Amino acid sequence: MFWVLLLLLAWAAAGTACTRLCLAAVRAAADDVDAGHGHDLTLYEAAFLSGGPRRVADLTLVSMARQRRLLLAHTGWATVVDPRGRDEIERSVIGAIGPEGQSRIAPVRDAAATAAPVRGLAERLVRAGLAVPDGARTTVAAAVRQVQLASVVVLALGATALLTPAPSDVPRHLIALWFALPLALTLSCLAIARIEVHPYSRWASPAGQRLLGALPRRAGGGDDRTYLTTVAVRGVRAVGEPDLRAAFTDREQHWRAGHTRGA
């Protein structure tokens, strides 16, 4: 009865993987309960949930440029006009530009994105259940991959049981039916997970995604906050001013070219 041993292994693989997926989905759903209720997103929070730390830096640069407190040239340079930042994130951008008051946009963006104020913003959003903590997004995904692997294992074990030339009183089609049961379990779990498990973005939790979806935004025009909300959610591609958009378009090319020459 060698096939019975293989069947037990198939059930063990399927049961373990499906149990892990169910537990991961339950934990994810529990973390989402009541998260974000009554929370009004700030522009910085919307930027982080939409595009992470770099989006926060981009929003800050665009906001300061629109207020004429920072000049962003189409050549990819940032120049400080008003050295007094209105909040800690603006001060980190000004500090990243340096004491000379002028710098390439790319290194400023990188430095501001990794500064303590943006890290603190990320931590607050995670505590509020609006941002995805490190590892949480991969937990459900890893469980799904394990179930997928278990399906392959069940198929392989079933094929082995059917192809092994061992005497058995049980017909081959009945053996195949027994192995179809754990396979049906894994495939059902995958189907349910595809429908029921919340799709996580890279930065925003399901609660964060709901708040982002409720934000008023319009590409171009409108009041300043609506404009900046669009930039926070969509990134610098939503910038309406050609010269300002060119400053961000050229930044990576100049920054990477300089690093290549210096290497």
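Quick caveat, the model's predicted, so the values are computed rather than measured.

Enquirer: Which parts of the structure should I look at to understand the sheet that holds strand β1 (residues 70-72)?
Expert: The strands making up a sheet associate through backbone hydrogen bonding, with each pair oriented either parallel or antiparallel. Read across the sheet, 3 strands follow the order β1-β2-β3 without closing on themselves; strand pairing throughout is antiparallel. Each having just a single partner strand, β1 and β3 (102-104) make up the two edges of the open sheet. Shown here is a sheet whose adjacent strand axes are inclined to one another by a mean of 20°, direction ignored. Bridging between β1 and strand β2 (residues 77-80) involves 3 bridges; their strand directions are antiparallel. Residue pairing in the sheet places L72 in a bridge with A78 of β2. Contacting β1, β2 and β3, helix α4 (residues 88-97) crosses the sheet at an angle of about 110° to β2.

Enquirer: Explanation requested: the pairing of β2 in the structure shown.
Expert: The side chains of a regular strand alternate between both faces of the sheet. Judged by which residues are buried, β2 turns out to be one-sided: A78 and V80 face inward and are buried, whereas W77 and T79, on the alternate face, are not. The antiparallel pairing of β1 with β2 creates a hairpin that spans 4 residues between the two strands, and G76 there sits at a positive phi of about 95°. With 3 bridges joining them, β2 and β3 adopt antiparallel strand pairing. Pairing of T79 across the sheet is with Q102, part of β3.

Enquirer: Teacher, can you tell me more about the confidence of the model for the protein chain here?
Expert: For residues with low pLDDT, the predicted coordinates do not support detailed interpretation. Confidence in the prediction of the protein chain, expressed as mean pLDDT, is 83, and 83% of residues score 70 or more. Helix α11 (residues 242-262) is the least confidently modelled element of the protein chain, averaging 60 in pLDDT, while α4 averages 95, the highest of any element. Counting interchain partners and residues more than four positions distant, the pLDDT-below-50 stretch residues 253-263 has 5 contacts.

Enquirer: Help me understand the packing of helix α3 (residues 53-66) against α4 in this model?
Expert: A pair of packed helices can be characterised by two numbers: the angle between their axes and the separation between those axes. Put simply, α3 and α4 touch, their axes get as near as 10 Å, and they point 85° apart. On the basis of the axis angle, α3 is roughly perpendicular to α4. Contacts between α3 and α4 involve V56, T60, L61 and M64 from the first element and I89, E90, V93 and I94 from the second. Taken together, the residues of the contact of α3 with α4 sort by class into 6 nonpolar, 1 polar and 1 charged.

Enquirer: How do you make sense of the packing of helix α2 (residues 43-51) against helix α6 (residues 116-127) when you look at a structure like this?
Expert: At their nearest, the axes of α2 and α6 sit 10 Å apart, and the two run at 80° to each other. Relative to α6, the element α2 lies roughly perpendicular. Residue-level contacts link Y44, E45, F48 and L49 of α2 to L121, A122 and L125 of α6. Grouping the constituent residues of the contact of α2 with α6 by class yields 6 nonpolar, no polar and 1 charged.

Quick notes on the rules
Residues numbered from 1 in each chain as written. Predicted model: local features only at pLDDT ≥ 70, side-chain atom pairs only at ≥ 80, totals over all residues. Heavy atoms only, no water. Pairing = 2+ DSSP bridges. Helix = DSSP H or I, 4+ residues; strand = E, 2+ residues; numbered from the N terminus. Axes fitted to C-alpha atoms, helices over the stretch in contact; angles between N-to-C directions. Contact = heavy atoms within 4.5 Å. Buried < 20%, exposed > 50% of the residue type's maximum accessible area, 1.4 Å probe, protein only. pLDDT = per-residue confidence, 0-100. Parallel < 35°, antiparallel > 145°, perpendicular 65-115°, else oblique. Nonpolar A, V, L, I, M, F, W, Y, C, P; charged D, E, K, R; others polar.

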